[in-house]
Amino acid sequence: MKKLLKQGMEFIGISGLGWIMDFTIFNLLNIKLSHVAINNILSSLVAVCFVFCVSTRKTFEQKPGGISLKIKFVIYIVYQIVLILVISQLLALIATWLCKIFAGSVIVKFSAMVAKILVTPITMCMNFIVMKMLIERI
């Protein structure tokens, strides 16, 4: 249990840095482009690669005799692409919903940012579970 808690905390720290990268790129793209879903795909892929590379070295212990790290990276990227596509559509829906609910208020200007914040805990938990299983069990 202590190991799991330690890994969880380390993963939150690494993912937090990845999230800051993702959030920054996402919001910079939103200044120039109004495609919330596309902006999320681009920013998320950068962060995903960062988190995978760092957490496989710092947080998780690769299973001896398992499949190679390169194959695990490919599996993780495929998982992430599916997740990012689903989450990106969800972000676009949430941002649109926020714009409708808060029409005329300041929140409309930040609807994409608020949507990104709302989905972050869900994706972070899912990513921890998938990374732990992929790196330590396969």
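Please refer to the structure placed before this passage.
The sections below set out a description of the structure shown in this document. (Residues numbered from 1 in each chain as written. Predicted model: local features only at pLDDT ≥ 70, side-chain atom pairs only at ≥ 80, totals over all residues. Heavy atoms only, no water.)

1. Some thoughts on the nonpolar core
Soluble globular proteins tend to bury their nonpolar side chains together.
Move 1: Ranked by size, the top nonpolar core spans 13 residues in total, and within it F11, V48, F52, F60, Y76, M131 and I135 carry the most contacts.
Move 2: Listed by contribution, the elements that provide at least two residues to this core are α1 (2-32), α2 (36-58), α3 (69-101) and α4 (111-137).
Move 3: At 4 residues, the largest contribution of residues to this core is made by α4.
Move 4: Each residue touching F60, except ones within four places of it in the same chain, is listed here: Q7, F11, S55, F128, M131, K132, I135 and E136.
Move 5: Grouped together as the second largest cluster of nonpolar side chains are 11 residues, L83, L91, L98 and A112 included. (Core = buried A, V, L, I, M, F, W, Y, C linked by side-chain atoms within 4.5 Å. Buried < 20%, exposed > 50% of the residue type's maximum accessible area, 1.4 Å probe, protein only. Helix = DSSP H or I, 4+ residues; strand = E, 2+ residues; numbered from the N terminus. Contact = heavy atoms within 4.5 Å.)

2. A look at a nonpolar patch on the surface
Move 1: Residues W97, I101, F102, V106, I107, F110, V114 and L118 make up a contiguous nonpolar surface patch of about 720 Å² in total accessible area.
Move 2: Contributing elements (two or more residues each) for the nonpolar patch: α3 and α4.
Move 3: Among the secondary structure elements, F110 is positioned in the loop between α3 and α4. (Patch = residues over 30% accessible without salt bridge, like charges linked within 9 Å, V, L, I, M, F, W, Y side chains within 5 Å. Areas by Shrake-Rupley, 256 points an atom, 1.4 Å probe, with all protein chains shown as cover. Salt bridge = Lys/Arg side-chain N within 4 Å of Asp/Glu carboxyl O.)

3. A short note on the packing of α2 against α3
Move 1: Packing of α2 against α3 leaves a shortest axis separation of 9 Å and a crossing angle of 150 degrees. In terms of orientation, α2 lies roughly antiparallel with respect to α3. Our pair here, α2 against α3, has a crossing hand that is right-handed.
Move 2: Here the contact of α2 with α3 is composed, by residue class, of 17 nonpolar, 6 polar and 1 charged. (Axes fitted to C-alpha atoms, helices over the stretch in contact; angles between N-to-C directions. Parallel < 35°, antiparallel > 145°, perpendicular 65-115°, else oblique. Left-handed = near helix turned anticlockwise from the far one by under 90°. Nonpolar A, V, L, I, M, F, W, Y, C, P; charged D, E, K, R; others polar.)

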